[in-house]
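Observations on the model geometry
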Amino acid sequence: MSPSAPGSTRRVAVIGGARVPFARSDGPYATASNQEMLTAALGGLVERYGLEGPGAVGEFVAGAVLKHSRDFNLARETVLGSALDPRTPAYDIQQACGTGLQAVIAAANKIALGQTESAVAGGADTASDAPLGVNDRLRRILLEARRAKSLGGRAKALAGIRPGHLVPDIPRNAEPRTGLSMGEHAAVTARAWGIAREDQDALAATSHRRLAAAYERGLFQDLVVPFRDLARDQNLRPGSTVEKLAALKPVFGLDAPGPTMTAGNSTPLTDGAATVLLASEEWAEARGLEPLAYLTAYETAAVHFVGGDVVGGEDGLLMAPAYAVPRMLERAGLGIEDFDLVEIHEAFASQVLATLSAWEKRGLAPVDRDRLNVAGSSLATGHPFAATGARIVATLATLLAEREGPGRGLISVCAAGGQGVTAILERT
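Residues numbered from 1 in each chain as written. Predicted model: local features only at pLDDT ≥ 70, side-chain atom pairs only at ≥ 80, totals over all residues. Heavy atoms only, no water.

1. Looking at the packing of aromatic side chains
- Tallying each qualifying case throughout the model produces three aromatic pairs.
- Relative to Phe227, the ring of Tyr29 has its centre 5.0 Å away and its plane inclined at 65°; by these criteria the two rings are edge-to-face. Remark: Phe227 occurs in the loop between α7 (197-216) and α8 (242-246) and Tyr29 occurs in the loop between β2 (23-24) and α1 (34-49); sequence separation between them is 198 residues.
- Between Phe252 and Phe348 the ring centres are 5.9 Å apart and the planes differ by 90°, which places this aromatic pair in the edge-to-face class. Pair noted here: Phe252 is in strand β6 (residues 250-252) and Phe348 is in the loop between β10 (341-344) and α12 (349-361), with a separation of 96 residues, a long-range link.
- Positioned above the aromatic ring of Phe22, the side-chain terminus of Arg19 is 4.6 Å from the ring centre. (Phe/Tyr/Trp six-rings, centres within 6.5 Å; stacked < 30°, edge-to-face > 60°. Helix = DSSP H or I, 4+ residues; strand = E, 2+ residues; numbered from the N terminus. Lys NZ or Arg CZ within 6 Å of the ring centre and 35° of its normal.)

2. A word on the confidence of the model for the protein chain
- In this model, the protein chain carries an average pLDDT of 93, and 96% of its residues clear a pLDDT of 70 or more.
- Segment residues 1-6 is flagged for pLDDT under 50; beyond a separation of four residues in sequence, or across chains, it makes ten contacts in the model. (pLDDT = per-residue confidence, 0-100. Contact = heavy atoms within 4.5 Å.)

3. Topic: the environment of Phe60
- Within the secondary structure layout, Phe60 lies in strand β3 (residues 60-63).
- Residue classification places Phe60 among the buried residues on the basis of a relative accessible area of 0%.
- Between the C-alpha atom of Phe60 and that of Gln221, which follows or precedes it by 161 residues, the distance is 24 Å.
- With near-sequence residues (within four places) excluded, Phe60 lies in contact with Leu38, Leu42, Ala75, Thr78, Val79, Thr88, Pro89, Ala90, Tyr91, Val120 and Thr275. (Buried < 20%, exposed > 50% of the residue type's maximum accessible area, 1.4 Å probe, protein only.)

4. Examining the side chain of Glu299
- Turning to its location among the elements, Glu299 is positioned in strand β9 (residues 293-302).
- Among the residues examined, Glu299 registers a relative accessible area of 16% and is labelled buried.
- Among the polar contacts listed, one links the side chain of Glu299 to the side chain of Arg331, at a separation of 2.7 Å.
- With near-sequence residues (within four places) excluded, Glu299 lies in contact with Ala324, Arg327, Met328, Arg331, Gly420, Val421 and Thr422. (Polar contact = N/O pair within 3.5 Å; in protein donor to acceptor, adjacent residues only side chain to side chain.)

So, in structure tokens, the structure goes:
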């Protein structure tokens, strides 16, 4: 097919998605690598949509947040390990928890500009198989030994190794600029916005209940690929209630009175992978595939959380969507009331509630809770960092298609580093 004329853009269709069930870290996927999980998710997509042929997919873009050095070319190695044409170009992308959605946006831009007809986007992350770095002092000694010009020089350098140098550098869930974990940052934001414990627990219980109901009615039949004896998200607790969650002790914000954040209203460390198939309308029509929805707008933002969150301000680490969404809606000429469905990534229940309050403060209408995360979200599914955006895009597109009529959905994903990635899906 010929590319679009200069200056013109095309609609980008979301054809479908595939992911492995998400699992709690150090559980069923404890020995699964990013590449193995991403290959399994991609394999499910290839099989469902018959993408095995030469040139079937124009490009594959994906990423991971916790990456080993062996994952430096993760997307391309995943292609080579799959049934996709090995001549399919691929590249990695990373924007913390926004990686999966940013991968979708990157692929969509090329389709919109006519540079490719189809693409697969996604992401994977394993908290179980997190890379362990060489102690920096040991690294410096080893580099010094490598640079030595003689055997004696190498021996002299290596003689400086001490037992303490053998302790590895273990990845920390902390912001480099503040030293605070994501949960501690979220606790500061929860206090700044006055988010109540009861409201957090209610949101978490609802997420589990809705995800369980979605599985029961078969919503994920074509979206979830069984992997390592799992067919459903392992974190799902269908019996979660506000009463049960209320019995849990707070785990974040313990440095201040009245902590509200628990393991039950926070997302657990998770392993998993997800993919999404995107295409031009012409590509879909030629293959007899009906688009689930169209990706029509997207926006990113960032906040100065270092100067805000750490002193108790409202612009917390996970609050960038509070700015990205109003900007995107203004550009699109839409309001919150124009959306049939709203998907907010549930890093923490408190963060979702703070985001809703911030949107209202910035002039948006209140979100109808019956339209919010109607099939559950990260509190129930879990959150493999780079996979969440692709999971949400595929789920929301499926939900819109299920309505059998025109519809519009909003996506909001917060990310480490004070960033946010947002998008709009529409079905006409």
